[in-house]
Amino acid sequence: MKIIVGITGASGAIYGIRLLEELKNLGVETHLIISKWGEYTIANETRYSLEEIKAMADFCYDEDNMAAVISSGSYKNDGMIVAPCSMKTLSGITNGFDNDLIIRAASVALKEKRKLVLLTRESPLSTVYLENMLKASQLGAVVMPPVPAFYSKPQNLADIINNTIARVLDQFNLNMKIQRWEDMIEQIKPRD
Ligand SMILES: Cc1cc2nc3c(=O)[nH]c(=O)nc-3n(C[C@H](O)[C@H](O)[C@H](O)COP(=O)(O)O)c2cc1C
């Protein structure tokens with residue numbers, strides 16, 4: 001499998017990083033683009049260096065490189081994940097305003113009817129952001145804000161992040177072991 005990963009400047013760079021790690025573990029070929037503001041949040045929110053993150057991917061591209069192979073629909077792949085996805089990149093995708101390679105590759109995924117998963121992150125959500133998420137969904141993207149699930153009784157931040165990453169990988173039929181609803185069902189029975 002080949003999956004394109006975009007990391008934008010929304011809070012939650014760790015989602016993109018953990019995703020790259022898991023895709024590598026699963027033997028998936030990854031094509032990575034990090035936006036300028038994605039680089040900023042990586043430095044601001046994590047202890048990873050840019051070099052470490054780029055080394056996790058098989059191929060890396062500059063966000064301004066519109067001539068990259070992933071800028072063309074003729075380059076076959078299994079889809080794209082934008083994690084995290086800023087409201088600006090979301091807007092670019094829903095309006096076909098392809099002025100950087102993350103937005104262009106996402107637009108290509110939509111036009112080629114490939115899987116596109118957007119971990120949109122902002123709070124609270126304005127009407128414009130909500131409309132753009134609705135539009136993205138109507139266009140065929142999977143809109144997946146990284147909202148924690150508590151039924152799995154997370155013990156720490158890593159548990160919360162892993163749960164979200166596993167649900168993203170589910171979208172590509174890739175299996176990451178986590179506590180799933182069916183594992184917890186005995187514990188979450190309603191009271192008599
Ligand atoms: C520390 C930091 C946190 C940010 N968090 C968010 C966020 O959660 N969601 C969002 O949409 N934008 C957020 N932004 C703003 C984006 O980085 C900004 O809109 C930028 O233009 C996004 O560009 P990009 O999508 O090309 O990365 C944040 C910016 C900074 C500096």
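For the structure, check the block above.
Residues numbered from 1 in each chain as written. Predicted model: local features only at pLDDT ≥ 70, side-chain atom pairs only at ≥ 80, totals over all residues. Heavy atoms only, no water.

**Quick notes on the pattern of salt bridges**
Taken as a whole and judged by the stated rule, the model has 7 salt bridges. The salt bridge partner of Asp 100 is Lys 88, with a shortest N-O separation of 3.4 Å. Taken together, the positions of Asp 100 in the loop between helix H4 (87-95) and helix H5 (101-111) and Lys 88 in helix H4 put the pair 12 residues apart, joining distant regions of the chain. Taking the relative accessible area as the measure of exposure, Asp 100 reaches 5% and is therefore buried. Note on Lys 88: relative accessible area 51%, which makes it exposed. Here the salt bridges do not stand alone but share partners, grouping Arg 18, Glu 21 and Glu 22 into one network. (Salt bridge = Lys/Arg side-chain N within 4 Å of Asp/Glu carboxyl O. Helix = DSSP H or I, 4+ residues; strand = E, 2+ residues; numbered from the N terminus. Buried < 20%, exposed > 50% of the residue type's maximum accessible area, 1.4 Å probe, protein only.)

**Quick notes on the pairing of strand S4 (residues 80-85)**
In terms of residue burial, S4 counts as a mostly covered element, since 6 of its 6 residues are buried. Taking every second residue as pointing to the same face, both faces of S4 are buried, with Met 80, Val 82 and Pro 84 on one and Ile 81, Ala 83 and Cys 85 on the other. For strand S1 (residues 2-7) and S4, the ladder comprises 3 bridges, and the chain directions are parallel. Within the sheet, the bridge partner assigned to Gly 6 lies in S4 and is Val 82. Looking at chain direction, S4 and strand S5 (residues 116-120) are connected through 4 bridges and run parallel. Following the sheet pairing, Cys 85 is matched in S5 by Thr 120. (Pairing = 2+ DSSP bridges.)

**Comments concerning the sheet that holds S5**
Reading across the sheet, the 6 strands line up as S3-S2-S1-S4-S5-S6 and stay open at both edges, with parallel pairing between neighbours. The sheet terminates laterally at strand S3 (59-61) and strand S6 (142-143), the two strands that pair on one side only. Note: S5 against S6, 2 bridges, orientation parallel. Note that in S6 the partner of Leu 118 across the bridge is Val 143. Sheet strands touched by helix H2 (residues 36-45): S1 and strand S2 (29-34). Its angle to S2, the strand with the most contacts, is close to 95°. (Contact = heavy atoms within 4.5 Å. Axes fitted to C-alpha atoms, helices over the stretch in contact; angles between N-to-C directions.)

**Structural notes on the site of the ligand**
Taken together, 15 residues lie around the ligand, and Gly 9, Ser 35, Ser 86, Thr 89 and Arg 121 are the ones closest in. Note that an oxygen atom of the ligand is positioned 2.7 Å from one of the backbone N or O atoms of Gly 9. A distance of 3.1 Å separates an oxygen atom of the ligand from a polar backbone atom of Ser 11. For the ligand, whose accessible area on its own is 640 Å², the fraction buried by protein is 74%. With 4 residues, H2 is the single largest residue contributor to the shell around the ligand. Partitioned by chemical class, the residues of the shell around the ligand number 4 nonpolar, 8 polar and 3 charged. (Near = heavy atom within 4 Å. Polar contact = N/O pair within 3.5 Å; in protein donor to acceptor, adjacent residues only side chain to side chain. Areas by Shrake-Rupley, 256 points an atom, 1.4 Å probe, with all protein chains shown as cover. Nonpolar A, V, L, I, M, F, W, Y, C, P; charged D, E, K, R; others polar.)

**Observations concerning H4**
If you check which residues of H4 are buried, you get Met 87, Thr 89, Leu 90, Gly 92, Ile 93 and Thr 94. Turning to H4, the residues buried within the fold contact S4, H5, S5 and helix H6 (127-139).

Any link to function would need more than the numbers given here.
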